[in-house]
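Structural features, examined
For reference, the chains in residue letters:
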Amino acid sequence: MAQNSALSTLKDLAEKEVDDAALQLGAMRRGCQQAEEQLKMLIDYQHEYRTNLNTDMTQGIGSQRWINYQQFIQTLEKAIEQHRQQLSQWTQKVDTALNFWREKKQRLQAWQTLQDRQIAASTLAENRLDQKKMDEFAQRASMRKPE
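Owing to the predicted nature of the structure, the values given are computational and were not obtained by experimental measurement.

With the rule as written, the count across this model stands at four aromatic pairs. Plain terms: the ring middles of Tyr45 and Phe72 are 5.9 Å apart, the flat faces sit at 85° to each other, and that makes the pair edge-to-face. Of the two residues, Tyr45 is situated in helix α1 (residues 2-59) and Phe72 in helix α2 (residues 63-144); the sequence distance between them amounts to 27 residues. Look at Phe72 and you get partly exposed, because its relative accessible area is 29%. The rings of Tyr45, Tyr49, Tyr69 and Phe72 are connected pair by pair, giving a single aromatic cluster. Of note, Lys93 hangs over the ring of Trp90, and the distance from its end group to the ring centre comes to 4.5 Å.

Pasting the structure below:
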């Protein structure tokens, strides 16, 4: 029984580790999703700004305004590149958290298998003991009957 209790404790700890890993994975996925949304927003803003530039260029713009457009677009491109790097880092964090969760899940399954085997062995031993008692009872009963 002590072995069963120890296995249950280890399995419970493994379940907690799986739950913690799942929470961590969820946080990494949310961070990654936010980074994707921010990057998309910047790219959309860049596209809109370029469209405005093209519209203004067809109507004619002054050189200072042209310089301002160019500087702002360069700033946007830098921000987009930085966000792409951030997204890449978040993707790596998600992959790491996913692998960590898989390891913890695999460990939990191993503890569950051990516990199932221990329960099966205990049940088999109990059934054999019951069968032995029944056989002994039947043998004693047959010895008592006069023939």
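Further remarks concern the nonpolar core. One finds Leu25, Met28, Cys32, Ala35, Leu39, Leu42, Leu76, Ile80, Leu87, Val94, Ala97 and Leu98 forming the largest nonpolar core, which totals twelve residues. When residues of this core are traced back to their parent elements, those giving at least two are α1 and α2. Residues in contact with Val94, not counting those within four places in the same chain, are Leu25, Met28, Arg29 and Cys32. Formed by five residues, the second largest nonpolar core is a distinct cluster that contains Leu7, Ala14, Val18 and Leu108.

Before going further, it helps to spend a moment on the environment of Leu114. Assignment of secondary structure puts Leu114 in helix α2. Judged by its relative accessible area of 39%, Leu114 falls in the partly exposed class.

Criteria and thresholds
Residues numbered from 1 in each chain as written. Predicted model: local features only at pLDDT ≥ 70, side-chain atom pairs only at ≥ 80, totals over all residues. Heavy atoms only, no water. Phe/Tyr/Trp six-rings, centres within 6.5 Å; stacked < 30°, edge-to-face > 60°. Helix = DSSP H or I, 4+ residues; strand = E, 2+ residues; numbered from the N terminus. Buried < 20%, exposed > 50% of the residue type's maximum accessible area, 1.4 Å probe, protein only. Lys NZ or Arg CZ within 6 Å of the ring centre and 35° of its normal. Core = buried A, V, L, I, M, F, W, Y, C linked by side-chain atoms within 4.5 Å. Contact = heavy atoms within 4.5 Å.

These figures capture arrangement, not role.
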